[in-house]
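Observations on the model geometry
Residues per chain, in single letters:
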Amino acid sequence: MSRSAATAAGLADRFFEFSVLGLVASGYLALAGSGYLDMPVVLLTGAGLLVRALAIAGFLRIEPSHRFITGVTLLYLAFYPIDYFLISMDFLRATVHLVCFLAVAKILAAKTNRDHIYVKIIAFLELLAAAIVSTSLTFFVFLTLFLLFGVATFASSEICRGTRGTAVVASGGLKRFHWRL
């Protein structure tokens, strides 16, 4: 691959990372704008998204291992009943806390295509939760941002997939058909 093609692939990857982050951030902002989230959840989720933005921009170098993320997620799943029964005392609020945690955990560790698919699903869940709890018109602003970042994410993922050069080669023509055909 030539140097200019590698640079273009790097730019496409960075644009893809920013657009996925924008997708998650617009879902988060729709939730935060509804007034439904507690202040610690707003601050911790916002801090996690800011850390990821700084890492994508190149100001920070953070690469948590998948084992660490899996361990922390399992700990949070053990904490979820405590959140439901003692802290939130509401199923929807505890589930929104879980979705915000998953958003930060996955966005910080997303490297593979599967991870990015999970991040897109979590961003959609954030927006869905915001649609349920929001009563303000600012939700439509964040919905518009979500749709714009969604288009950018899916377009840039196709560009990234095309620059990786994973081509499927079809077999050449046969000299003759098999006798059964």
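Residues numbered from 1 in each chain as written. Predicted model: local features only at pLDDT ≥ 70, side-chain atom pairs only at ≥ 80, totals over all residues. Heavy atoms only, no water.

Attention now moves to the packing of helix 5 (residues 113–133) against helix 6 (residues 138–163). A pair of packed helices can be characterised by two numbers: the angle between their axes and the separation between those axes. Where helix 5 meets helix 6, the axes come as close as 11 Å, and the angle between the chain directions of the two elements is 165 degrees. Accordingly, the angle class assigned to the pair helix 5 and helix 6 is roughly antiparallel. The way helix 5 lies across helix 6 gives a crossing that is left-handed. Where helix 5 abuts helix 6, its residues Lys120, Ala123, Phe124, Leu127, Ala130 and Ala131 lie against Phe139, Leu143, Phe146, Thr153, Phe154 and Ser157. Of the residues in the contact of helix 5 with helix 6, the class split is nine nonpolar, two polar and one charged. (Axes fitted to C-alpha atoms, helices over the stretch in contact; angles between N-to-C directions. Helix = DSSP H or I, 4+ residues; strand = E, 2+ residues; numbered from the N terminus. Parallel < 35°, antiparallel > 145°, perpendicular 65-115°, else oblique. Left-handed = near helix turned anticlockwise from the far one by under 90°. Contact = heavy atoms within 4.5 Å. Nonpolar A, V, L, I, M, F, W, Y, C, P; charged D, E, K, R; others polar.)

Among the structural elements, lysine 106 can be located in helix 4 (residues 91–109). Residue class for lysine 106 comes out buried when judged on its relative accessible area of 18%. Setting aside its immediate chain neighbours within four residues, lysine 106 contacts Asp115, Tyr118, Val119 and Ile122. (Buried < 20%, exposed > 50% of the residue type's maximum accessible area, 1.4 Å probe, protein only.)

Time to look at the packing of aromatic side chains. Counting across every chain of the model gives five aromatic pairs. An angle of 90 degrees between the planes, with centres 6.1 Å apart, marks the rings of tyrosine 84 and phenylalanine 91 as edge-to-face. By the ring-pair criterion, three or more aromatic residues cluster together here, those being Tyr76, Phe79 and Phe101. A cation over a ring is seen here: arginine 93 above tyrosine 36, with NZ or CZ 4.2 Å from the ring centre. (Phe/Tyr/Trp six-rings, centres within 6.5 Å; stacked < 30°, edge-to-face > 60°. Lys NZ or Arg CZ within 6 Å of the ring centre and 35° of its normal.)

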